[in-house]
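Residue-level structural notes
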Amino acid sequence: MVAVNEKSKQPCIIVCVTPQDSCARLIEAGAGIAEKEGLPLVVLSVFRESSGLNANEGGALENLFECAKKFNASMNVYFNNSPSLVVAVASKKLGCVNLVTGFPEEGGSGFVGRIHEILPELTITMIDKDMNEYRVLPVSRTVSTASVH
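Presented here is an overview of the structure given in this document. Worth saying up front: this structure is predicted, and the values here are computed from it rather than measured. (Residues numbered from 1 in each chain as written. Predicted model: local features only at pLDDT ≥ 70, side-chain atom pairs only at ≥ 80, totals over all residues. Heavy atoms only, no water.)

Turning our eyes to something else, we now look at the pattern of salt bridges. Under the defined criterion, the tally for this structure stands at four salt bridges. The partner of Lys-92 in a salt bridge is Glu-121, and the shortest N-O contact between them spans 3.6 Å. Of the two residues, Lys-92 is situated in helix α3 (residues 83-94) and Glu-121 in the loop between α4 (111-118) and β5 (123-127); the sequence distance between them amounts to 29 residues. Note that Arg-135 and Glu-133 form a salt bridge whose closest N and O atoms lie 2.7 Å from each other. (Salt bridge = Lys/Arg side-chain N within 4 Å of Asp/Glu carboxyl O. Helix = DSSP H or I, 4+ residues; strand = E, 2+ residues; numbered from the N terminus.)

The next thing to look at is the pairing of strand β2 (residues 41-47). In terms of residue burial, β2 counts as a mostly covered element, since seven of its seven residues are buried. Of the two faces of β2, the one carrying Leu-41, Val-43, Ser-45 and Phe-47 and the one carrying Val-42, Leu-44 and Val-46 are both buried. In this sheet, β2 lies alongside strand β1 (residues 12-16) in parallel orientation, the contact comprising four bridges. Paired with Cys-16 across the bridge in β2 is Leu-44. Relative to strand β3 (residues 74-79), β2 is paired through six bridges, and the arrangement is parallel. (Buried < 20%, exposed > 50% of the residue type's maximum accessible area, 1.4 Å probe, protein only. Pairing = 2+ DSSP bridges.)

Here we take up the state of the cysteines. A covalent bond between the sulfur atoms of two cysteines is referred to as a disulfide. Counting across every chain of the model gives zero disulfides. Of all cysteine sulfurs in the structure, the one in Cys-96 sits closest to Cys-12, which takes part in no disulfide; the separation is 5.2 Å. For Cys-12, a relative accessible area of 3% gives the class buried. (Disulfide = S-S within 2.5 Å.)

To continue, consider the environment of Pro-120. Residue position: Pro-120 is located in the loop between α4 and β5. Its relative accessible area of 15% is what places Pro-120 among the buried residues. Sequence separation of Pro-120 and Val-139 is 19 residues, and the distance between their C-alpha atoms is 5.4 Å.

Written out as structure tokens, the structure reads:
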């Protein structure tokens, strides 16, 4: 893990992963975005405290750690029952400018929506199984009366 100095924090790209080998594609996509932007890459995984980490997840997490290392990314693992809040706080603290996640499945947990509510100024890039990118763009905090009818 790489320690971040708050006084000199540099913007970064963050990738959120779950303990599945298929999440390596998210790290690869995030690495491409980070390279294009000239920014460091950070990988985050949040486990619910109530469920902990089992042996199968540990193996997948180790594979994702190796994938992150391949792209010179740090990897942070948290245990908390509010994953979207942990990711939002970490994103703010680390200076995230683009959060990369998987594309939510129908009937998903609402993870992306909650993060967008907490950090409306953050770009969120979702990657589907075919590596297509979808973006939730930042919401402007300025409302012009000229655009209101």
